[in-house]
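Secondary and tertiary structure notes
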There are 2 protein chains.
Amino acid sequence: MRPRPAALIARKRDGGALTDDELGLLVGGYLDGSVSEGQMAALLMAGVLNGFTRAEALALTRILTASGQVLDLSGLAGPTIDKHSTGGVGDGTTLLVAPLLAACGAQVVKLSGRGLGHSGGTLDKLEAIPGLRVGLAEEEILDIAADVGCVVAAQTDRLVPADRALYALRDVTATVESVALIASSVMSKKLAAGASTIVLDVKAGDGAFMPDDAAATELAELCVAIGEGAGRRTSALVTGMDEPLGRGIGNALEVVEAVELLSAPPRGRLAEVALALAAEGLAGARGLAPAEVEAELREAWGRGAALERLAAMIAAQGGDPAVCDDPRGVLPAAPVRATVPAAEGGVVRRVPARAVGELTVALGAGRARKDDAVDPAVGVWLGVEVGDEIAAGDPLGEVLARTGAQAEEAAARLAALVEVGGPVSPAPTLRARLGGA
Amino acid sequence: MRPRPAALIARKRDGGALTDDELGLLVGGYLDGSVSEGQMAALLMAGVLNGFTRAEALALTRILTASGQVLDLSGLAGPTIDKHSTGGVGDGTTLLVAPLLAACGAQVVKLSGRGLGHSGGTLDKLEAIPGLRVGLAEEEILDIAADVGCVVAAQTDRLVPADRALYALRDVTATVESVALIASSVMSKKLAAGASTIVLDVKAGDGAFMPDDAAATELAELCVAIGEGAGRRTSALVTGMDEPLGRGIGNALEVVEAVELLSAPPRGRLAEVALALAAEGLAGARGLAPAEVEAELREAWGRGAALERLAAMIAAQGGDPAVCDDPRGVLPAAPVRATVPAAEGGVVRRVPARAVGELTVALGAGRARKDDAVDPAVGVWLGVEVGDEIAAGDPLGEVLARTGAQAEEAAARLAALVEVGGPVSPAPTLRARLGGA
């Protein structure tokens, strides 16, 4: 006899666990309408409060993955490597990691999302490039991956429909906050995207979904277990997101920063994280330790091979590859610029990632709501990071805005957000590593 | 700004409390469609797991009550007294309490429900009487209350629509089990029914919704607080429901038992509970202690005044009042009778209420699902109760069934259910009293 949904919800409510088949019935029933929205929401809330077991997280991931198409990357030469970040501020790592891995012979098929709230999205950044398309058909995606080695496109509707349905419900029912639900959602998308090696960047801190290293490590650990359980080489880095990772926050500005970084040998925190993620991926694919592939990656970066792959990818996706020669000339920039001088000298103690991200959303760079349009040309270029010694009057950053009033308001907010004071020991950006060799 | 439902749900999820206005927005929004079924279900599950505060229970009751019509009993001479049982097996107290209070000058307007699962419903019992109608218009209800002193009718759709909507959702989302939600549901119906004095019979035990005295007492205490907070004189008894309260279990059989009990001075556990509930109500209405009205109630019962009021009520509701002279002659009885003899002698140690109730549901006396039809003519008449000394071959009870096979199966089940063994000290039926003078 098919079990009654209410009886299964009651078991979860009372602290019990559900089997693979039972979870499959509930999720499948939610999609076909035999399990109501209320029943699914009650189950999700019971799971958020009582927790899901590791076995339930694995089962949920399988169910979500199997709800739609799974990309077949077997026609690519390989290794196929995917990379995912849980989202942060000034986090343009995909724009660095994908072409860098392509430059080392891998194929990166990256299906990305859009930004929401203070956290940016790779698709929005790429769409700042004139002409570039992210809505690609499957065949086109595979062709570009084969030709260029990397492609970044929007997830198609045929992948993980159950994940989209569940996420839409979680979003309005305050049931997002569950490590198991987050991990199964992230990993179902990665499994459906088909790569053999998966690298995760789980952000921890004020500007991240996970507030601290412990929570981020828990999520990373579960994601790695799910990936390994599904037969994919999976590793994860936990990286700090208390301050923005890059200097540019805003869609065009983040492309500018990526191009400028790839035009010279790697330097700074954003490059450090990108290099570490690429090393995880390449090492994982080759069965090596990350240290064993680092020199190859640095060499490819240093000689401009990654930048060349980025330009090829942009061209293949219809964008203007001249962006890689003259990013500030090609990319749109808002008309009003305001430099923000430091009111006092000292050491930069804090550049709060979330608040800086929200500031750029207020300028138009991001979305408060899912259907908002984004303005590629606005944002903030930070002049400082935590630990910098500065003098009064030094630029804390520059604001790009549509109007003088917006620029003025953003500049005042930024001035108030950057904390300057006595000495500080900045925390390392790389916090932990899970999985891998 | 109107708060986002998800933010309110998140607060409940995180252990916080909601204000009256916030609960009003959520419940009102659920009724008008601006709060989705999923959001309401998530809120309910968060409340079931984290608990609702007393203030939230009071607010919810007010919101549910105010969602529909409130009966105006001010045209009745008074005192107006209502009585509610949380439901059990062989619990025909309403058929005794309502006419008994009417015989003592009160008006009882009782809006009842139907049985579900092992637990019987007063409307089903009354409908066993040929011709009797429970679907009465408001004017008719008030007229019968004024003329007869008591009336038992189905709750109209105009009362507590929000309670019906929430209950339907709770039923399928495993969110029934919350003392605050149960209390606010029960009390909203009582407040909407308009009586000045409310008496509650909260059942505890195997055959009750509340499994033990502690849980039943918690529910009773909260219901009394809600009633008193709404300005009604409210008291509650916690009574045992480990074994059926009466001898008859089945719709016609319970009417038979009520008539036979009212035809003689009160005796036995069912009469004891009915008398105690009537005393609570009458004493509450007069500002006295129950002991001060007990003699009057016993006298009215003993001289047949309560039976006479029951006959008048049955006649006023279109039923055949001859049922009060010859219940076994007038009421339907299923064609097959099977007596169940005791296999061994000893002391009756256990007559499990829930299992006996389920046995009669299997015969057709109750509903497994809400839309099932009930058969008034089937059931069980118990020959023993806990503590009785019996000899092998003594009748444990009699089964009334539609077919020989059904009778045989029910008889075998009953024989297996009644435990006979060494001496036992039966627990008292009256367990606790809350509220009142």
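Summary of the structure given here. Position numbers for residues start from 1 in each chain and track the written sequence from start to end. Written order determines the labels here, with chains lettered from A and ligands numbered from 1. Residues qualify for local features only when their pLDDT is at least 70, as the model is predicted, and side-chain atom pairs are given and counted only at 80 or more; totals for whole chains, interfaces and linings, by contrast, use all residues. Note: side-chain values were computed over all heavy atoms of the structure, leaving out hydrogens and water.

1. Regarding the overall build of chain A
Counted only if it meets this: Only runs of H or I of at least four residues qualify as helices and only runs of E of at least two qualify as strands under DSSP, and these elements are numbered from the N terminus. Radius of gyration: C-alpha atoms only; globule rule: 2.2 Å multiplied by the number of residues to the exponent 0.38. Each residue is assigned to one of three classes by its accessible area relative to the maximum for its type, calculated with a 1.4 Å probe on protein chains only: buried under 20%, partly exposed between the two thresholds, exposed over 50%. Only heavy atoms enter the contact rule, under which two residues are in contact if any of them lie within 4.5 Å. Note on areas: Shrake-Rupley with a 1.4 Å probe; residue coverage comes only from the protein chains shown. Here the positive residues are Lys and Arg and the negative ones are Asp and Glu; neither His nor the chain ends is included. A single reference atom marks each charge: NZ on Lys, CZ on Arg, CG on Asp, CD on Glu.
Each helix and strand counted, chain A has 17 helices and 13 strands in total. Expected size for 437 residues packed as a compact globule is a radius of gyration near 22 Å; at 22 Å, chain A falls within 12% of this value. Each principal axis of the C-alpha atoms in chain A carries an extent, and together these give about 75 × 45 × 40 Å. Scored against the burial criterion, the 437 residues of chain A give a buried share of 57%. For chain A, the share of sequence-separated contacts (at least 6 apart) that also reach a separation of at least 24 residues comes to 78%. Element-wise, carbon and sulfur atoms account for 52% of the exposed surface of chain A, whose accessible area totals about 15900 Å². Each charge sign in chain A was given a centre, from 39 positive and 56 negative side chains, and these centres are 4 Å apart.

2. Notes on the nonpolar core
For the record, the criterion: To qualify as a nonpolar core, a set must consist of buried Ala, Val, Leu, Ile, Met, Phe, Trp, Tyr and Cys residues joined through side-chain atoms within 4.5 Å.
Among the nonpolar cores identified, the biggest contains 109 residues, and Val109, Leu297, Trp301 and Val399 of chain B are the most heavily contacted of them. Of all hydrophobic cores here, the second largest spans 108 residues; its members include Leu159, Ala279, Ala411 and Leu417 of chain A.

3. Focus: the relation of the copies chain B and chain A
Taken together, a rotation about one axis and a shift along it account for how the two chain copies relate. Here is the rule: Superposition of the copies was done by least squares, using only C-alpha atoms of residues whose pLDDT is at least 70 in both.
After a rotation of 180 degrees and a shift along the axis of 0.0 Å, chain B superposes on chain A with an RMSD of 0.0 Å. Seen this way, the second copy is the image of the first under a two-fold rotation axis. Within chain B, the C-alpha atom positioned nearest to the axis of rotation is that of Gly38 of chain B, 2.0 Å from it. The share of interface residues of chain B whose copies in chain A are also at the interface is 100%, consistent with both copies meeting through the same surface.

4. Overview of the packing of aromatic side chains
Spelled out, the test is: When the centres of two rings from Phe, Tyr and Trp lie within 6.5 Å, Trp using its six-membered ring, the rings pair. Their planes under 30 degrees apart give stacked, over 60 give edge-to-face, and anything left gives tilted. Charge-over-ring contacts are defined here by two conditions on Lys NZ or Arg CZ: a distance within 6 Å of the ring centre and an angle within 35 degrees of the ring normal.
The tally for this structure, following the rule as stated, stands at 0 aromatic pairs over all chains. Residue placement shows Arg328 of chain A over the ring face of Trp381 of chain A; its charged tip is 4.7 Å from the ring centre.

5. Comments concerning the interface of chain B and chain A
Here is the rule: The quantity reported as buried area is the accessible area (1.4 Å probe) lost by two parts once they are put together, taken as the sum for both. Just to be clear on terms, a salt bridge is a Lys or Arg side-chain nitrogen sitting within 4 Å of an Asp or Glu carboxyl oxygen. Here the term charged refers only to Asp, Glu, Lys and Arg, the term nonpolar to Ala, Val, Leu, Ile, Met, Phe, Trp, Tyr, Cys and Pro, and the term polar to all other amino acids, Gly among them.
On the chain A side, the residues contacting the 21 residues of chain B number 21 residues. Of the roughly 1600 Å² buried where chain B meets chain A, counting both sides, 66% is carbon and sulfur surface. Considering only the side of chain B, the residues that lose the most area to chain A are Arg13, Met45 and Leu49 of chain B, jointly responsible for 33% of the buried surface there. Scanning the region where chain B abuts chain A turns up 2 salt bridges. Mapped by element, the contributors of at least two residues to the side of chain B that touches chain A are helix H1 (5-13), helix H3 (37-50) and helix H8 (161-173) of chain B. Broken down by element, the residue count for the side of chain B that touches chain A peaks at 10 residues, all from H3 of chain B. Among the residues making up the side of chain B that touches chain A, the classes are represented as 12 nonpolar, 5 polar and 4 charged.

6. Brief notes about the sheet that holds strand S1 (residues 81-85) of chain B
All names here are of chain B. The criterion, for reference: In this scheme, strands are said to pair when DSSP sees at least two bridges between them. As a rule, the C-alpha atoms of each element are fitted with a line to give its axis, helices using only the stretch in contact, and angles between N-to-C directions run from 0 to 180 degrees.
What the 4 strands build is an open sheet, ordered S1-S4-S5-S13; its pairing is mixed. Looking at strand neighbours, the two that pair on one side only are S1 and strand S13 (430-435), the edges of this open sheet. Neighbour-to-neighbour, the strand axes of the sheet open up by a mean angle of 15 degrees, direction not taken into account. Where strand S5 (residues 233-240) and S13 come together, 5 bridges link them in antiparallel fashion. Within S13, the position partnered with Leu237 by the bridge is Arg433.

7. Some details on the environment of Glu344 of chain B
Residues and elements named next belong to chain B. Within the secondary structure layout, Glu344 lies in the loop between strand S7 (336-341) and strand S8 (346-350). By relative accessible area, which is 46% here, Glu344 ends up partly exposed. Considered as a pair, Glu344 and Thr53 are 291 residues apart in the sequence and their alpha carbons are 52 Å apart. Look past the residues within four positions of Glu344 in its chain and what remains in contact with it is Ile390, Ala391, Ala392 and Val420.

8. Brief notes about the pairing of strand S5 (residues 233-240) of chain A
Residues and elements named next belong to chain A. For the record, the criterion: Think of it like this: strands point away, you trace from the first strand over the helix to the second, and a clockwise trace means the crossover is right-handed.
In terms of burial, S5 is largely enclosed, as 7 of its 8 residues are buried. As paired elements, strand S4 (residues 197-204) and S5 share 8 bridges and run parallel to each other. Bridged to Val199 within S5 is Ser235. Crossover connection from S4 via helix H10 (residues 213-229) to parallel S5: handedness right-handed.

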